[in-house]
2 protein chains.
Amino acid sequence: MTVQPPATGDVALPPVPWPRLFAERARSMRGSPIRELQEISLKPGIISFAGGMPADELFPIDEFCNACERVLRTHGSRALQYATTDGIPALREIIAHRASQNGLHVGAQNVLVTTGAQQALDLIGRILIDPGDKILVERPTYIGALQSWSTHQARFLSVGVDDEGLVVDDVEAMLRARPKFIYSIATFQNPTGAVLSIERRRALVRLAARHSVPIVEDDAYGQLRYSGQNVAPLLAVDAEERDTGNATSLGNVLYLGSFSKTLSPGLRVGWVIGPADVITQLNRAKQTADLHTSPLAQSIALDFLQSGFLDRHVERLRLAYAERRDAMLEAMSVSFPTTVTWRAPAGGFFVWVTLPEPLDAATVLIGAIARNVAFVPGAAFSPDRSGSNTLRLNFTHPSPELIREGIARLGPILARLVDRGA
Amino acid sequence: MTVQPPATGDVALPPVPWPRLFAERARSMRGSPIRELQEISLKPGIISFAGGMPADELFPIDEFCNACERVLRTHGSRALQYATTDGIPALREIIAHRASQNGLHVGAQNVLVTTGAQQALDLIGRILIDPGDKILVERPTYIGALQSWSTHQARFLSVGVDDEGLVVDDVEAMLRARPKFIYSIATFQNPTGAVLSIERRRALVRLAARHSVPIVEDDAYGQLRYSGQNVAPLLAVDAEERDTGNATSLGNVLYLGSFSKTLSPGLRVGWVIGPADVITQLNRAKQTADLHTSPLAQSIALDFLQSGFLDRHVERLRLAYAERRDAMLEAMSVSFPTTVTWRAPAGGFFVWVTLPEPLDAATVLIGAIARNVAFVPGAAFSPDRSGSNTLRLNFTHPSPELIREGIARLGPILARLVDRGA
């Protein structure tokens, strides 16, 4: 092709009115404030508590090199070729096996591998949400879920979170509005770090089942516990409540897992566990979304599971992240005004901070960015933008030293604003 | 958690009526006949012409091992961490640069990296298709596009394909029905192998622009030419027709590229090139779909582009696939009845075969599977299921020996059925 004058006409082609062509649902697509804050986080010298990222320096580079080599040498054409939509069978088997504890029986037919847990959220929206459907979420909750389901034109009902997680006593009233499903990050909730107590888990699964409202349980953080005892996932509690002690089957819960927080977000490998007929429907939705998840990435995750490396690595992460959490909590105790409160998390990625009202976290953020510190104001996590006096701090990505330095910078900003408000 | 009788109630929890909860759009989700045929293709001893897969034995395993090692050692945390939704900047730059030839100027802001080209099709559906919108497609066309846009509740208009590709003379009448966009696999069309002539390309882009109907150009196969001269993509032809010889800008075409056919489908890396405001909207849709495409996979593709390996590898594929195409065409000439015709493709993955009417390819498939040969009946590729006397043969996945053997098995089946029909 060479550049030459138009060959077939003499008038210029008209400009294309692209935005006029956009679909109705495109209007509800907005960028995430977190992803916009990530741009700021790339400023040299900034200490960012904004993202929800694992630590760069804890990625097991040597082991990744070795796993890539093993995968490519032994299963090269499987890793590089087209694959089935549901995922590599051996990976689905091992995920099912690991979820099948304490009487809960999960088979490979109950597992769909997804391109990160974000895709699982999106696929669930595709198969369950009709425009105008209501979804019951925790308030605050994960922004990416709100964004994804907004594009499916859902509306949100919300119930607050306290020290024991979702306030289940307030759920029943909301169920009268017939939400399509309940979304819960029951363990080390994003953004609050709260853990739903076992009593509330039992009450929630019974309530949901009685009202025929499914539960979507997002368990991205469940393996990252730094103190206290494990609490069974809603998936297992639901199965337990359904049966009387024998082998249980899946019921009312779709469970979302991910390797993003434990191994690497760059792999983009997550999974859904659920009843086989729902997995089949999710599979059909996934086929049109991206055919299948990278078998190279799946094979690497499988290698790490089979070798036992992942479990050893998670132990290492637990120690490292516990140290960072403690560094943050200690620094906050030293630097933050006494009227500022927070929840000490037993795991996960975040500390949730409450400022004395009417102090607005967005105002604090302006001062913080001027001092080269970033975080996410809490209102971003609520569908109704409530909680303007809250904020989320991530402690897994910055080093303990940077955590101490960043909190030391935040302290005086908070003190000045609290004083001014008082 | 231990197994114990229900703690909080005495009646069994009711079963969940999952299928009653499925969304309207879920009803239009069906499995692809090709992906179902893939199951058959896994039967030991079967020779499959059914899929659209590159050759297993041509994957450059050593180079993949080396690239993984280089990527992880030099950019480990970039490859394993969360990344921006639009793609790794250096990859977007090099994709833009390679598309900027002959007066067409593409910048990184015009490029979105996607999780395979399938995701690009899906994201385009998300931002452009309202339920009931019409899409104008080639007849036959890629099944995955029909499936994806069906889930967005599109309806399809279609125009036939002949030896010069889409019959553009028939397009104008269809444009009166106001389709939302035109979908064209202009080069080495799937499934027909046809190439849209340059004259028709010029006519198509002018027609589309005059009617303000965008074109989605899917160019998964364009680099795999085995004979003849390159024809400029619609993206470039549109830009050329818009301007008068100077630097051109993007206009009416969204261009889809992919590394799946040239490097590895297992990477799941593709891209869209388009006007910056459309890329921004696609980016928002992608954010909710899977946050971003694996930066590990993107980094591997980038490494292969930067080192020049990809271009050398494509040369090697061209030679190998040309040999397979020739083996198939020669074997068909020898074994197929003279009333069976086909199009000799100048590139791509497929030979398109037409049987004498009223012979049905589905009938042939039953006989073929009994002889351990598989292919895809052509009706699967048309939204109106027309073309029951056509079928698609893939020649890139089986070796030349298996191609000869498989065609030799098909010949007598066809001869018997043609005789019976006569």
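Residues numbered from 1 in each chain as written. Chains lettered and ligands numbered in written order. Predicted model: local features only at pLDDT ≥ 70, side-chain atom pairs only at ≥ 80, totals over all residues. Heavy atoms only, no water.

Here we take up the pairing of strand β9 (residues 270–273) of chain A. Residues and elements named next belong to chain A. With burial as the criterion, each face of β9 is covered, one bearing Gly270 and Val272 and the other bearing Trp271 and Ile273. Where strand β2 (residues 111–114) and β9 come together, four bridges link them in antiparallel fashion. Of the residues in β9, the one forming a bridge with leucine 112 is valine 272. Bridging between strand β8 (residues 253–258) and β9 involves four bridges; their strand directions are antiparallel. Within β9, the position partnered with leucine 256 by the bridge is valine 272. (Buried < 20%, exposed > 50% of the residue type's maximum accessible area, 1.4 Å probe, protein only. Helix = DSSP H or I, 4+ residues; strand = E, 2+ residues; numbered from the N terminus. Pairing = 2+ DSSP bridges.)

This brings us to the interface of chain A and chain B. In this complex, chain A contributes 115 residues to the contact, which on the side of chain B involves 115 residues. Counting the surface lost from both chain A and chain B, the interface buries some 10000 Å², and carbon and sulfur atoms represent 59% of this. The interface formed by chain A and chain B includes four salt bridges. The closest approach of N and O atoms between Asp62(B) and Arg73(A), which form a salt bridge, is 2.5 Å. Seen at the junction of chain A and chain B, the total is 38 residue pairs in polar contact (both at pLDDT 80 or more). Counting residues per element, the side of chain A that touches chain B draws most heavily on helix α3 (residues 61–80) of chain A, at 12 residues. Here the side of chain A that touches chain B is composed, by residue class, of 52 nonpolar, 37 polar and 26 charged. (Contact = heavy atoms within 4.5 Å. Buried area = accessible area lost by both parts, 1.4 Å probe. Salt bridge = Lys/Arg side-chain N within 4 Å of Asp/Glu carboxyl O. Polar contact = N/O pair within 3.5 Å; in protein donor to acceptor, adjacent residues only side chain to side chain. Nonpolar A, V, L, I, M, F, W, Y, C, P; charged D, E, K, R; others polar.)

If you look at the biggest cluster of nonpolar residues, it comprises 223 residues, and the most contacted ones within it are Leu393(A) and Leu393(B). Leave out the neighbours within four places in its chain, and Leu393(B) touches Phe49(B), Met328(B), Met332(B), Phe336(B), Phe349(B), Phe350(B), Val351(B), Val353(B), Phe375(B), Ile407(B) and Leu410(B). (Core = buried A, V, L, I, M, F, W, Y, C linked by side-chain atoms within 4.5 Å.)

Counted under the stated rule, the structure contains 43 salt bridges over all chains. Arg200(B) is the salt-bridge partner of Asp162(B), the closest N and O atoms lying 2.8 Å from each other. Here Arg200(B) lies in helix α8 (residues 198–210) and Asp162(B) lies in strand β4 (residues 155–162), a separation of 38 residues in the sequence. Judged by relative accessible area, which is 28%, Asp162(B) ranks as partly exposed. Owing to a relative accessible area of 16%, Arg200(B) belongs among the buried residues under this scheme. Overlapping salt bridges bring together Asp122(A), Arg126(A), Asp122(B) and Arg126(B) as one network.

Inspection of every chain in the model, using the stated rule, returns zero disulfides over all chains. Cys65(A) forms no disulfide, and the closest cysteine sulfur to it belongs to Cys68(A), at a distance of 6.8 Å. The closest cysteine sulfur to the non-disulfide-bonded Cys68(A) is located on Cys68(B), 3.9 Å from its own sulfur. (Disulfide = S-S within 2.5 Å.)

Right, let's talk about the relation of the copies chain A and chain B for a bit. Superposition record for chain A on chain B: RMSD 0.0 Å, screw rotation 180 degrees, translation along axis 0.0 Å. Read as a symmetry element, the transformation amounts to a two-fold axis. When C-alpha distances to the rotation axis are compared across chain A, the minimum falls at Cys68(A), with a value of 3.4 Å. Interface overlap between copies is the fraction of interface residues in one copy that are interface residues in the other; for chain A against chain B it reaches 100%, indicating a shared surface. (Least-squares fit on C-alpha atoms with pLDDT ≥ 70 in both.)

Time to look at helix α6 (residues 143–151) of chain A. Residues and elements named next belong to chain A. Taken across its nine residues, α6 has nine buried, putting it largely inside the fold. The set of residues buried in α6 consists of Ile143, Gly144, Ala145, Leu146, Gln147, Ser148, Trp149, Ser150 and Thr151. Once α6 finishes, glutamine 153 follows within two positions and takes phi at roughly 65 degrees, a positive value.

Following the sequence through the fold, Ala374(B) ends up in strand β12 (residues 373–374). In sequence terms Ala374(B) and Leu204(B) are 170 residues apart; their C-alpha atoms lie 35 Å from each other.

The peptide bond linking Arg139(A) to Pro140(A) adopts the cis configuration, its omega dihedral lying at 5 degrees. We note that Arg385(A) has phi near 60 degrees; this positive angle belongs to a residue other than glycine. Structurally, the position occupied by Arg385(A) is in the loop between β13 (376–377) and β14 (390–394). The phi dihedral of Leu291(B) is positive, around 65 degrees, even though this residue is not glycine. Following the sequence through the fold, Leu291(B) ends up in the loop between α10 (276–290) and α11 (295–306). Judged by its relative accessible area of 11%, Leu291(B) is buried.

So, about the sheet that holds β13(A). Strands sit in the order β10-β11-β14-β13 (chain A) across an open sheet of four strands; the sheet is antiparallel. The open sheet has two edge strands, β10 (341–343) and β13 of chain A, and neither has a second partner.

Moving on to the packing of helix α12 (residues 309–335) of chain A against helix α14 (residues 400–421) of chain A. Helix packing for two helices is described by the angle between their axes and how far apart those axes are. Residues and elements named next belong to chain A. It is at 9 Å that the axes of α12 and α14 come closest, and there the two elements cross at 25 degrees. On the basis of their axis angle, the class for α12 and α14 is roughly parallel. Taken as a pair, α12 and α14 cross one another with a handedness that is right-handed. Residues Glu323, Arg324, Ala327, Met328, Ala331, Met332 and Ser335 of α12 form the contact with α14, whose participating residues are Pro400, Ile403, Arg404, Ile407, Ala408 and Gly411. (Axes fitted to C-alpha atoms, helices over the stretch in contact; angles between N-to-C directions. Parallel < 35°, antiparallel > 145°, perpendicular 65-115°, else oblique. Left-handed = near helix turned anticlockwise from the far one by under 90°.)

All right, on to the environment of Phe304(A) then. Residues and elements named next belong to chain A. Inspection of the secondary structure puts phenylalanine 304 in helix α11 (residues 295–306). Taking C-alpha positions, phenylalanine 304 is 33 Å from arginine 404, a pair spaced 100 residues apart along the chain. For phenylalanine 304, the residues in contact, after removing those within four places along its chain, are Glu63, Phe64, Ala67, Leu263, Phe309 and Leu310.

All names here are of chain A. For arginine 409, the location among the structural elements is in helix α14. Since its relative accessible area comes to 15%, arginine 409 is described here as buried. A polar atom in the side chain of arginine 409 sits 3.0 Å from the backbone oxygen of arginine 371. Non-local contacts of arginine 409, meaning those with residues more than four positions away in its chain, are made with Gly45, Ile47, Arg371, Asn372 and Val373.

On to the packing of aromatic side chains, then. Residues and elements named next belong to chain B. All chains considered together, the criterion is met by 25 aromatic pairs over all chains. Ring centres of tryptophan 149 and tyrosine 183 lie 4.9 Å apart, and the angle between their planes is 90 degrees; on these two criteria the pair is classed as edge-to-face. With tryptophan 149 in helix α6 (residues 143–151) and tyrosine 183 in strand β6 (residues 181–184), the pair connects residues that are 34 residues apart, well separated along the chain. When its relative accessible area of 0% is taken as the criterion, tryptophan 149 is described as buried. Members of the aromatic cluster, joined through ring pairs, are Tyr221, Tyr226, Tyr321, Phe349, Phe350 and Phe395. (Phe/Tyr/Trp six-rings, centres within 6.5 Å; stacked < 30°, edge-to-face > 60°.)

Before going further, it helps to spend a moment on the sheet that holds strand β7 (residues 215–218) of chain B. All names here are of chain B. With mixed pairing, eight strands are arranged side by side in an open sheet as β2-β9-β8-β7-β6-β3-β4-β5. Strand pairing shows two members of the sheet lacking a second neighbour, β2 (111–114) and β5 (165–166), which therefore form its edges. As judged from the six bridges shared by strand β3 (residues 134–139) and β4, these two strands associate in the parallel manner. Within β4, the position partnered with glutamate 138 by the bridge is valine 159. Relative to the sheet, α8 contacts β4, β5, β6 and β7, its axis offset from that of β7 by approximately 145 degrees. This element, α10, spans β2, β8 (253–258) and β9 (270–273) of the sheet and lies at about 25 degrees to β2.

Residues and elements named next belong to chain A. Across the interface, helix α5 (residues 116–128) lies against helix α10 (residues 276–290) with an axial gap of 9 Å and an inter-helix angle of 110 degrees. Classified by the angle between their axes, α5 and α10 sit roughly perpendicular to one another. Where α5 approaches α10, its residues Gln119, Leu123, Ile124, Arg126 and Ile127 are matched on the opposing element by Val278, Gln281, Leu282, Ala285, Lys286, Thr288, Ala289 and Asp290. The class makeup of the residues in the contact of α5 with α10 is seven nonpolar, three polar and three charged.

Residue and element names in this part refer to chain A. Considering every residue of chain A, the mean pLDDT works out to 93; 95% of them sit at 70 or more. Predicted confidence for residues 1–10 stays below pLDDT 50, and this span has 22 contacts to residues more than four positions away or in other chains. Interface scoring of the predicted complex returns ipTM 0.94; its pTM is 0.94. (pLDDT = per-residue confidence, 0-100.)

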